Amino acid sequence: MHIRTEREEDYSQIYEVVKKAFEKAEHSDGNEQDLVEKLRKNKAYINSLSLVCEDNDKIVGYVMFTKNKIGKVTGLTLAPLAILPKYQHRRLGTLLVKSGLKIAKELGYEYVVVLGNPKYYNRFGFVTSKEFGIKSPFDVPSKNFMALNLIDNDDREDLNAVVEYPKPFLK
Ligand SMILES: CC(C)(COP(=O)(O)OP(=O)(O)OC[C@H]1O[C@@H](n2cnc3c(N)ncnc32)[C@H](O)[C@@H]1OP(=O)(O)O)[C@@H](O)C(=O)NCCC(=O)NCCS
C-alpha cells in the first residue's frame with residue numbers, strides 16, 4: 001500500500017472509489033463524489049492534502065482536507081474519507097487520515113474539523129469541537145462534530161466561532 005498526492009489522471013478512478021464507498025455508508029447524501037470534484041475547483045482545495053491510497057496501480061482509498069475559516073483562523077475540513085468496500089477494515093482509512101494529519105501539521109495548520117462517528121475519529125485525537133469553542137453551522141449532534149488541535153499550546157484561547165465552509169459543502 002502506498003499513500004501519495006492525487007494527480008489529474010487519477011480523477012476518474014477517485015470518483016468511482018468515493019461513489020462505491022459511500023453507496024454502503026451509514027450516512028451519505030449520495031453526492032460525495034461530486035463534492036470532491038467541486039472542491040477541486042474551489043480556492044479551499046489543497047493538492048498536497050488530497051491523498052490516494054494505492055494497491056499496486058489501483059486506487060483503493062481517498063481522503064481530502066480542504067480549507068475552512070474558524071473566526072480568523074484558517075482551519076481544515078476532513079471530508080470525504082472513502083475506502084473501497086473490499087478494502088475496508090484493513091487500517092487503510094487510519095493510514096490515510098494519519099498521513100494527512102502529519103502533512104497538515106507540517107504545513108502549520110492548527111485545527112481540523114470533521115463530521116462523523118466519534119468511535120472512529122477519537123483514535124486520531126478528535127474531540128467534540130465545543131472543547132475549542134468551535135461551532136458547526138449545521139444542525140448535527142454535537143458529539144458528531146469534532147475537532148483536532150495539531151499544535152500544542154497551553155495558552156490557547158477558545159475560538160468561539162462558527163466554521164465557515166466553502167460553497168460546495170453548503171446545500
Ligand atoms: C469509514 C471508513 C473510511 C473506515 O476506513 P477503514 O479503512 O475501513 O477503517 P480502518 O481499517 O482504518 O479502521 C477500522 C476500524 O474502524 C471502525 N469502523 C470502520 N468503519 C466505521 C464507521 N463507519 N463508523 C465507526 N467505526 C468504523 C471499525 O470498527 C474498526 O475498528 P476496530 O479495528 O477498532 O474494530 C470506511 O469504512 C469507508 O470508506 N466507509 C464508507 C464511507 C464513510 O462512511 N466515510 C466516513 C465518512 S465520515
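Residues numbered from 1 in each chain as written. Predicted model: local features only at pLDDT ≥ 70, side-chain atom pairs only at ≥ 80, totals over all residues. Heavy atoms only, no water.

### Structural notes on the site of the ligand
Working step 1: The local shell around the ligand holds 18 residues, among which I83, H89, R91, G93 and T94 are the closest.
Working step 2: Backbone polar atom of H89 to an oxygen atom of the ligand: 2.7 Å apart, as the coordinates give it.
Working step 3: G93 is positioned with one of its backbone polar atoms (N or O) 2.8 Å from an oxygen atom of the ligand.
Working step 4: Relative to its unbound accessible area of 860 Å², the ligand is 72% covered by the protein chains.
Working step 5: The set of elements that each furnish at least two residues to the shell around the ligand consists of α1 (11–23), β4 (73–83), α3 (92–106) and α4 (118–121). (Near = heavy atom within 4 Å. Polar contact = N/O pair within 3.5 Å; in protein donor to acceptor, adjacent residues only side chain to side chain. Areas by Shrake-Rupley, 256 points an atom, 1.4 Å probe, with all protein chains shown as cover. Helix = DSSP H or I, 4+ residues; strand = E, 2+ residues; numbered from the N terminus.)

### Quick notes on unusual backbone geometry
Working step 1: The omega torsion across A79 and P80 is -10 degrees, close enough to zero to call that bond cis.
Working step 2: With respect to the element layout, P80 can be found in strand β4.
Working step 3: Notably, H89 is not glycine yet its phi reads approximately 60 degrees, a positive angle.
Working step 4: Taking the relative accessible area as the measure of exposure, H89 reaches 83% and is therefore exposed. (Buried < 20%, exposed > 50% of the residue type's maximum accessible area, 1.4 Å probe, protein only.)

### Some thoughts on the side chain of T77
Working step 1: Here T77 lies in strand β4.
Working step 2: Within the local environment of T77, its side chain forms a polar contact with the side chain of N68, the two groups lying 3.0 Å apart.
Working step 3: What T77 contacts, discounting residues up to four positions off in sequence, is M64, F65, T66, N68, V113, Y165 and F169. (Contact = heavy atoms within 4.5 Å.)

### Some words on the environment of K69
Working step 1: Note that K69 resides in strand β3 (residues 58–70).
Working step 2: Along the sequence, K69 and P166 sit 97 residues apart, while their C-alpha atoms lie 8.7 Å from each other.
Working step 3: Not counting chain neighbours up to four residues away, the residues in contact with K69 comprise T74, V162, V163 and E164.
Working step 4: Looking at K69, its side chain comes within polar contact range of the side chain of T74, at 3.0 Å.

### Examining the side chain of N144
Working step 1: With respect to the helices, strands and loops of the structure, N144 is situated in the loop between β7 (134–135) and β8 (145–149).
Working step 2: Since its relative accessible area comes to 15%, N144 is described here as buried.

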